[in-house]
Amino acid sequence: MHRPPAAALGVVSLAVTALVLAGCSTDTTAPAASTTAPAPNATATVGTANQADVEFAQMMIVHHQGALDMARLAADRAEAPEVKELAQRIEQAQQPEIETMTGWLQAWGAEPLDTDGAMPGMDHGSMSDTGEGGMASDPEMQQLQNAQGTEFDTLFLQLMTVHHQGAVTMAQTEVDNGQNTNAIDLAHQVVVDQTAEIALMEKLLDAN
């Protein structure tokens, strides 16, 4: 077998060493442009909003929270499986929507309402005090908390039907007056989903 001369091997070794050292050296030049696109910022993702969009998100967050407060009572108070299933479906749908709308408000630089549905620091009454959007009043919520079995089922369906009707009205206002396409799309979905649930609840009430 023919072996390369020692001198040739030395040249190859030096060349490899030079390449390794070059790769390990500190490069102060600007790196090549990345092929990965930068992540869009929140404002670019959610788009611009008008006053109707902001008010829709603010009020619907509080409204959804009211629905969750009622729905979470069903697990150990409701009797009918259909009521328990409906309550679970409401919770699974509306909690993610709360998180989405909260992100919109942050991106739009808007303040959320407080947990009662009033602007922080302003004494305009809460949504539960005024019944705005079909929100259950504090006495109605107390009555629901104290109910069990079929009594709970009936009261839950009655209160949630009114609550959903208020949500549909709020969402339709956003569809008519909003600007942000994401908010309008969500409002459309609220109208579709909650109209269907109203029909279901009315059917369950008739059965009772």
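The structure contained in this document is the topic of the report that follows.

Moving on, we come to the packing of helix H3 (residues 51-71) against helix H9 (residues 181-207). When two helices pack together, their arrangement is given by the angle between their axes and by how far apart the axes lie. The contact between H3 and H9 brings their axes to 11 Å, and the two run at 40°. When the axes of H3 and H9 are compared, the pair comes out oblique. At the point where H3 passes H9, the crossing takes the left-handed sense. Across the interface between the two elements, Asp53, Phe56, Met60 and His64 from H3 touch Ala183, Leu186, Ala187, Val190 and Gln194 from H9.

This part is about the packing of H3 against helix H5 (residues 81-108). Viewed as axis vectors pointing N to C, H3 and H5 meet at an angle of 150°, and their least axial separation amounts to 9 Å. Judged by the angle between their axes, H3 and H5 are roughly antiparallel. Taken as a pair, H3 and H5 cross one another with a handedness that is left-handed. Residue-level contacts link Asp53, Val54, Phe56, Ala57, Gln58, Met60, Ile61, His64, Gln65, Ala67, Leu68 and Ala71 of H3 to Ala87, Ile90, Glu91, Gln94, Gln95, Glu97, Ile98, Met101, Thr102, Leu105 and Trp108 of H5. Taken together, the residues of the contact of H3 with H5 sort by class into 14 nonpolar, six polar and three charged.

Conventions and cut-offs
- Residues numbered from 1 in each chain as written.
- Predicted model: local features only at pLDDT ≥ 70, side-chain atom pairs only at ≥ 80, totals over all residues.
- Heavy atoms only, no water.
- Axes fitted to C-alpha atoms, helices over the stretch in contact; angles between N-to-C directions.
- Helix = DSSP H or I, 4+ residues; strand = E, 2+ residues; numbered from the N terminus.
- Parallel < 35°, antiparallel > 145°, perpendicular 65-115°, else oblique.
- Left-handed = near helix turned anticlockwise from the far one by under 90°.
- Contact = heavy atoms within 4.5 Å.
- Nonpolar A, V, L, I, M, F, W, Y, C, P; charged D, E, K, R; others polar.

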